[in-house]
Structures are given as C-alpha cells and as structure tokens.
There are 2 protein chains.
Amino acid sequence: MVTFLAGGTGTPKLLDGVDAAFDPAEVTVVANTGDDVELGGLLVCPDLDTVLFAGGGVLDRETWWGIEDDTTATHDELQRLADAADLDGPSGSRTRSDDSEGHGPSGSRTWSDYDAESVAPGPRYLPPDRQTAGRRLARWRRFSGVAEFMEIGDRDRAVHVTRTSLLDEGHTLTEVTRILADAFELDVALLPMSDDPVATVVHTQEGAMHFQEYWVARRAAPTVEGVEFRGATTAEPTPAVRDALDDPVVIGPSNPVTSVGPIRALPGVDDALAEVPVVAVSPFVEDRVFSGPAAELMRGTGLDPSTAGVADAYPFVDAFVLDVDDGTDLDRPVVRTDTRIDDETDARRVVRTVADALAEVA
Amino acid sequence: MVTFLAGGTGTPKLLDGVDAAFDPAEVTVVANTGDDVELGGLLVCPDLDTVLFAGGGVLDRETWWGIEDDTTATHDELQRLADAADLDGPSGSRTRSDDSEGHGPSGSRTWSDYDAESVAPGPRYLPPDRQTAGRRLARWRRFSGVAEFMEIGDRDRAVHVTRTSLLDEGHTLTEVTRILADAFELDVALLPMSDDPVATVVHTQEGAMHFQEYWVARRAAPTVEGVEFRGATTAEPTPAVRDALDDPVVIGPSNPVTSVGPIRALPGVDDALAEVPVVAVSPFVEDRVFSGPAAELMRGTGLDPSTAGVADAYPFVDAFVLDVDDGTDLDRPVVRTDTRIDDETDARRVVRTVADALAEVA
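Since the model is a prediction, treat every value here as computed from it, not as a measurement.

A. Inspection of the overall build of chain A at higher detail. Helix and strand counts for chain A come out as 13 helices and 15 strands. Each principal axis of the C-alpha atoms in chain A carries an extent, and together these give about 60 × 40 × 35 Å. Split into buried and exposed, the 362 residues of chain A put 62% on the buried side. When contacts within chain A are restricted to residue pairs at least 6 apart in sequence, long-range pairs at least 24 apart make up 71% of them. Of the charged side chains in chain A, 30 are positive and 67 negative, and the gap between their average positions amounts to 4 Å.

This is the structure we're talking about:
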C-alpha cells in the first residue's frame, strides 16, 4: 500500500503514471480540501475533482480542471444575467467577517482585513453571518453564484450538484467521494483529507481573501503576507486518512503551502508523516517552478521558493526526487530524473523514480 | 391599475395579450409560490419563472415552463451520475417529517403519512431534519438534486442560481424577483405572493407529497384527498402584494386549488379580494378543463370540477368570463367569449373580454 498526498495539478499529473510502479488497487490518494468553496450553493472541491476526472478519463488536460469538451451554458447565462441586471462586480455585502478560527503556520491578518472596495469586479462573498451558517463543510468560503467568478462547466456542475445533494442527504464528504469515484470508475482509493471544514485564506497586502479569490480571480497578483488554514486546528483527518498515513507516503510535485499545507495543518498529520517512509518530488528545478503560485506562496510564508525551500518545509521527508538539472545539495537521499510531466510517459518515468526512492528509504 | 393572480399556465397565457386592454406599466402580477421547491440547493419558482420567461420572450411555449431551445447538459449528467453510482430512485431518507404547520382548506393528513416505499423511482426529499434547516424560504420542500426529478435546463438553471444566491446575499424574494424582471426586461410588475415559505402539500391515497412530486413525478395519478398550504397561516403577503390587492383583480384561467389557493391561504387575502372588483376567467368549459390537474385537485378538495365549482370556490368574484360553449348558469354577471388561448390573438381577445367584465362591475 502507498498513499499520495494531492493538490490540484502536480500530484494528479504524477498519478497518471501510477501503475508504472504500483498496483492502483493498493494506492490511496488523500486530497487537499482547503481550496474548496461553496459557489452558488454548490460545494466545489477542485483538488478532489481533478483526481476524479483524471481517473475517470474525462479531465480537461489543457487546464487540469473541469471536464474535457464541457459546455458552459449555465455559466455564460450567469454572466449575462449579472450584466443585464447590473449585478457584476463584488457584492455590497461580500466583506467583513470577524469570525476567525484556526490559524495556519504564518497567518497573522484575519478575514476581516479584507477590503472589498480595493478590488472590483470579483467574487461575491456571502455576508459575514452566512459564512458560518448553512452547510458546515462550507464555512468561511461561501460565495454567491451571481456572475460566477469561477467557470463551472455544465457537466462539471452536475458533479457538484450530486456531491452537495448527497452531503445534504446526510453523507460525509468521504462517503460522497467514494460514490463519485464509483461513478467515474476510479481505480485508486480517493479520500478527502477531512470531513470537517478547512478554508485556505491568503493574507495579502490587499487584505485577506480565500485561496480561490487569490488564485482564480486575482491570478496570484496580490503580494502574499501569510496563509491561514481556517478551521484546521479543530478539524480532524478522517479515520481513513489516519489509516492511509500508516503506509509509505508520496508527495507529488505539489505546492507545499496551499496544496500540502492544509493536509499537514490537520492535527496529527505531521506526526504521522514522521513515522513512515516519505518521498517527495520537488515542484521546482532549483528555483524554477513548473506551474502555479508555489513560488509566491512560499516567499510569502517565509520559505525560499526553491527545491531547498521545499526540503526545509518538509523535515519528515526521507528522500527526494529531483530533476536531472536540479543540482540542489540536500541533507537527505536524492534520486534524479527528468521531472517535467507533460504526458503519461513522463508520469510513468517519475513514478518509477519515486518507487526507487521509496525502496531506498523504506 | 389592475392586478392579476397567476399560477403556472392559464394566467401567463392570458398575460400574453395584456396590452390589448391594459397599459403593462399599470399591471401587477402576483404569482403563486406554493409550487416552489429547493432542488439540489437551488430555489426553483416555476410560476414566477413562467411569467418572467414569457415576458422576456424566452419561454418554451411548447411546455410553458423553462427556456426555449435550452440545453440540458447538467440535467443529463445528473441522471448519468445517478445511474453510474446506482443512486436513482427515492432517497432512503426522503420521507417522514412530522413537523406540520399551517393547514390549508382541506388538509387532514400530514407529510408524515407519506410512504416512501410505495413509489419508486422518484424525487429524493432531504431528510426530515433538513426540511426546516437551511434557507427559510425552502422549508418543507427541500429536494436532493441527485438524479434531478424535475428537468432544469442549463440557461434556466442560471436563473435559479442567481435567484438563490441573491437570497443568500440577503435580498428578499420580492427584491430578487424585481432584479430578475429587470434582467428579462419585463414590462409588468411581477411579485411573489409572499417572502415567507409556503409549501403546497398534496394529500393522496398514497400519502402526502409536495405538489411537484404529485404533478411532475407522479403526473397527477394518485387520488387526491386534500391539499395543504404548509406555512400559509404564519406567512404574510408582502406589503407590495397588499397594495396590489387594493386595485381591481383578474384571476386568469388558473387552477383554483393549487395556483390561486396558496395566494388565498395567506392571511387577509380573501378579505382584500372581497373589497375590490374581481373578474375570473373559468379554466373550464362547463366540466371540461383546458389543461393541468385542476379537475383532480378540485374533486379531491370537495369542489365540483367545473365552472360551477370554480364559482363556488370564488365567492368574492364579481363577474366571470366563460367560454361561448359554456352554458353554466351563474349567480353573478357573465361575459362570454372563446376562452381557448392558443396564441397571442386568443389572449388579446380574452383580455378584452376581461376588461369588459371589469367595466361592468368596477
């Protein structure tokens, strides 16, 4: 058995080649849920869905989110309606919540610092009192669907409707994820990191904002001052996740701050990782990142945006997989390969290297 | 000024010709909201939407609900996912809520009588404790979106997302309806009957069920024993509705039980109707109904399913518009025309006759 910790792009890309070295029936994937949002009443779980759609063979591999060749009729009409009714831009009530709970490693500002007037148009947060009302799992990340700031495809939306309705029927997110994994005929076991709410809030020079505002709406432009995993200190990893963390662990080339960070912020996870063999694939070649906002987020949380910084962030990692062009000198075993993953052949190569590294330290 | 009371088909058809006798700027339409449901987290208001879409020129005039030439990508995928995950059919938790509040004129059984095992597949009610949790306006009519028992088109869905999100942002249904009416450039004023929850529950020989289960899922097959407007006794007509009921009122050829009944069940509405000139268009030609389940519902609530029964149900009506082939002898003034409405020409003819009838009694 082996367990992968997954964010939204790097590790799902790696998982494309998982059967090069592992039996998929023996693989568990624990996905970050700190990026999740409730949008227009639907719980959207981007990192779970990327694994789900990739495994189901329907992922849009241009964007690494959403469903290939999906239509956007509802999304387009949401924009049209918002324009026609002059509703575009931030909600008048999008802003100030002063409830704060669970600070991450470098959180210092709070949600209430967020200044709505400084940015427009953008996401419409539900009013502060609604952020902690309604579905418990949606706490601190409830957005209005007016003008829908994240593009949700029509088939994609059906996944969110099914998930949200199954939650409302009384299932846990873990149960719902298993049901959806069945529907997509996933060959690995997919687990959300927790059945409790955890919201990744990015504190920036322009105020605090949910990760999806920072990443999707603001395109990582605001200067990061800290990252908070709201709810993490009182959230629990699920029993299934605790079990999975008894097996050797692979951390793919994911963003250590907002992809792996929320999982690590859960009580007991770092301790569990210290007890088992862990191999990590660097998302950098020295200080050049493959994709995403990892560099900005690492810099903003006091980490060097580089392979060296990743190694500093991961004291529990027993061996690293680095790119052949990455000469970083680390204090732990290193196995090198070409770590760029553009297709399944690349993924299989890196997976084989991960297995080699695990064999060295297991 | 003139006020129309509207259900889902008869009165919207009549409104197509409203400018034959009235200035649309002087027309208010009060729509039934007892048929509304929350489906997959979205508040769906069929009667409001038919007026909205007809006025906006986008109504599907084959079905008289939904948007013309709409796609159903999300709906189809919801069905596929439910099939793939073996989720089709009623939810195990669809049934028994023993909370009951606000009985209509003939309610005798309660929601808790509803026997899930007797019908399958069908709508998935959220569990009893969720029926009165979440959005207040959705009380007693909260359905899971799994397998989506009502077909929601993709553009149509955007209207429900916008409405639901605006409610969640803190607007009333009255305010949201005005915003949507602006977006669809409606030329009449459209009002929901109330900003409070009212749920039309049909009590049948097969148990109690929400009107949309009775009508959409069961196609009016169960024998009706009574109709309850849950919440009506504590709901309020809005101030805008109260004002509108100071003007002459037109009741189009709508179902008197579940289209007009919920409006009348609100405190003070019948008293208000007794004080102003009211003209009603019979939805029957003697005992032949134009469309919908009016006959079954009237029979089940102790009314004769005929023009005579409609007149008995409407003691406050001052004059009736009947079909030329309807020889019913009534105790109040009658003006006759061909009351079948298949197109705008028909609608304009009936509207002119309504105006004639109003002139007789105003």
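B. Seen up close, the sheet that holds strand β14 (residues 319-323) of chain A. All names here are of chain A. On the basis of which strands lie adjacent, the open sheet formed by seven strands has the order β6-β2-β1-β10-β11-β14-β15 and parallel pairing. Of all the strands in the sheet, the pair left with one neighbour each is β6 (189-192) and β15 (334-337). Neighbour to neighbour, the strand axes of the sheet diverge by 20 degrees on average, direction disregarded. By the bridge criterion, three bridges tie strand β10 (residues 249-251) to strand β11 (residues 278-281) in an arrangement that is parallel. Looking across to β11, one finds that Val250 is bridged to Val279. Sheet contacts for helix α2 (residues 46-55): β1 (2-6), β2 (27-31) and β6; angle to β6, the most-contacted strand, approximately 170 degrees.

C. Quick look at the interface of chain A and chain B. On the side of chain B, 39 residues touch chain A, which itself brings 39 residues to the contact. Here chain A and chain B share an interface that buries about 3,200 Å² over both sides, 61% of which is from carbon and sulfur atoms. When the buried surface of chain A facing chain B is broken down by residue, Leu81, Asp168 and Glu169 of chain A rank first, second and third, together holding 18% of it. Between chain A and chain B we count six salt bridges in total. The salt bridge involving Asp168 of chain A is made with Arg130 of chain B; its shortest N-O contact spans 4.0 Å. There are twelve residue pairs in polar contact (both at pLDDT 80 or more) connecting chain A and chain B. Where the side of chain A that touches chain B is concerned, the elements lending two or more residues are α3 (73-84), α5 (154-169) and α6 (173-183) of chain A. Ranked by the residues each element gives to the side of chain A that touches chain B, the list is headed by α5 of chain A, at twelve residues. Grouping the amino acids of the side of chain A that touches chain B by side-chain chemistry returns 18 nonpolar, eleven polar and ten charged.

D. View of the pairing of β1 of chain A. All names here are of chain A. Summarising burial for β1: five of the five residues are buried, a large majority. Strand direction decides the pairing type here: β1 and β2, joined by five bridges, are parallel. Bridging from a neighbouring strand, Val2 pairs with Val27 of β2. In this fold, the crossover linking β1 to β2 by way of helix α1 (residues 10-15) has right-handed handedness.

E. Layout of the relation of the copies chain A and chain B. When chain A is fitted to chain B, the best match, at an RMSD of 0.0 Å, comes from turning it 180 degrees and sliding it 0.0 Å along the axis. On this basis, the relationship between the two copies can be described by a two-fold rotation axis.

F. Examining the pattern of salt bridges more closely. Summed over the entire model, instances satisfying the criterion amount to 40 salt bridges over all chains. Measuring nitrogen to oxygen at the nearest pair gives 2.8 Å for the salt bridge that ties Asp270 of chain A to Arg264 of chain A. The salt bridge involving Arg242 of chain B is made with Glu236 of chain B; its shortest N-O contact spans 2.8 Å. For Arg242 of chain B, a relative accessible area of 39% gives the class partly exposed. A relative accessible area of 40% places Glu236 of chain B in the partly exposed class. What emerges from the salt-bridge pattern is a single network uniting Glu38, Arg135, Arg142 and Asp168 of chain A together with Arg130 of chain B.

G. Region of the structure containing the environment of Thr307 of chain A. Within the secondary structure, Thr307 of chain A sits in helix α12 (residues 307-313). Considered as a pair, Thr307 of chain A and Phe284 of chain A are 23 residues apart in the sequence and their alpha carbons are 5.5 Å apart.

H. Geometry of unusual backbone geometry. With a phi close to 55 degrees, Glu286 of chain A is a non-glycine residue in the positive phi region. Secondary-structure assignment places Glu286 of chain A in the loop between β12 (284-285) and β13 (288-289). Glu286 of chain A sits in the partly exposed class, given a relative accessible area of 30%. Positioned with a positive phi, Ala220 of chain B is a non-glycine residue whose angle comes to about 60 degrees. Judged by its relative accessible area of 11%, Ala220 of chain B falls in the buried class.

I. Highlighting the confidence of the model for chain A. Residue and element names in this part refer to chain A. Looking at chain A, pLDDT values average 91 and 91% of them are 70 or higher. In this model residues 91-120 is a low-confidence stretch, pLDDT under 50, and it forms 95 contacts with partners more than four residues away in sequence or in other chains. As scored by the predictor, the complex reaches a pTM of 0.91 and an ipTM of 0.90.

Thresholds applied
Residue positions are given per chain, counted from 1 along the sequence in the order it is written. As a convention, the first chain written is A and the first ligand written is 1, with the rest following in written order. The model is predicted, so local features are restricted to residues of pLDDT at least 70 and side-chain atom pairs to those at 80 or more, both for listing and for counting; the totals for chains, interfaces and linings are taken over all residues. In computing side-chain values, all of the structure's heavy atoms are included and hydrogens and water are not. Helix and strand assignments come from DSSP, with helices taken as H or I runs of at least 4 residues and strands as E runs of at least 2, each series counted from the N terminus. The cut-offs for exposure are 20% and 50% of the maximum accessible area for each residue type, with area from a 1.4 Å probe on protein chains only; residues under the lower value are buried, those over the upper are exposed, and the others partly exposed. Throughout, a residue-residue contact means that at least one pair of heavy atoms, one from each residue, lies within 4.5 Å. Counting rule for charge: Lys and Arg are taken as positive, Asp and Glu as negative, and neither His nor the chain ends is counted. Working definition for charges: the position is that of NZ of Lys, CZ of Arg, CG of Asp or CD of Glu. Two strands pair if DSSP finds at least two bridges between them. Helix axes use the C-alpha atoms of the stretch in contact, all axes being lines fitted to C-alpha atoms, and the angles between their N-to-C directions lie in the range 0 to 180 degrees. A quick way to say it: buried area is the sum, across both parts, of accessible area lost when two parts are put together, with a 1.4 Å probe. Here, a salt bridge means any side-chain nitrogen of Lys or Arg that lies within 4 Å of a carboxyl oxygen of Asp or Glu. Whenever two N or O atoms come within 3.5 Å, that pair is a polar contact, provided that in protein one can donate a hydrogen and the other can accept it, and provided that, for residues adjacent in sequence, both atoms are side-chain atoms. Amino acids outside the nonpolar list (Ala, Val, Leu, Ile, Met, Phe, Trp, Tyr, Cys, Pro) and the charged list (Asp, Glu, Lys, Arg) are all regarded as polar, and Gly is one of them. A crossover gets the label right-handed when its path from the first strand over the helix to the second runs clockwise, viewed with the strands pointing away from the viewer. Least-squares fitting of one copy onto the other uses the C-alpha atoms of those residues that reach a pLDDT of at least 70 in both copies. pLDDT is defined as a per-residue confidence score from the predictor, taking values between 0 and 100.

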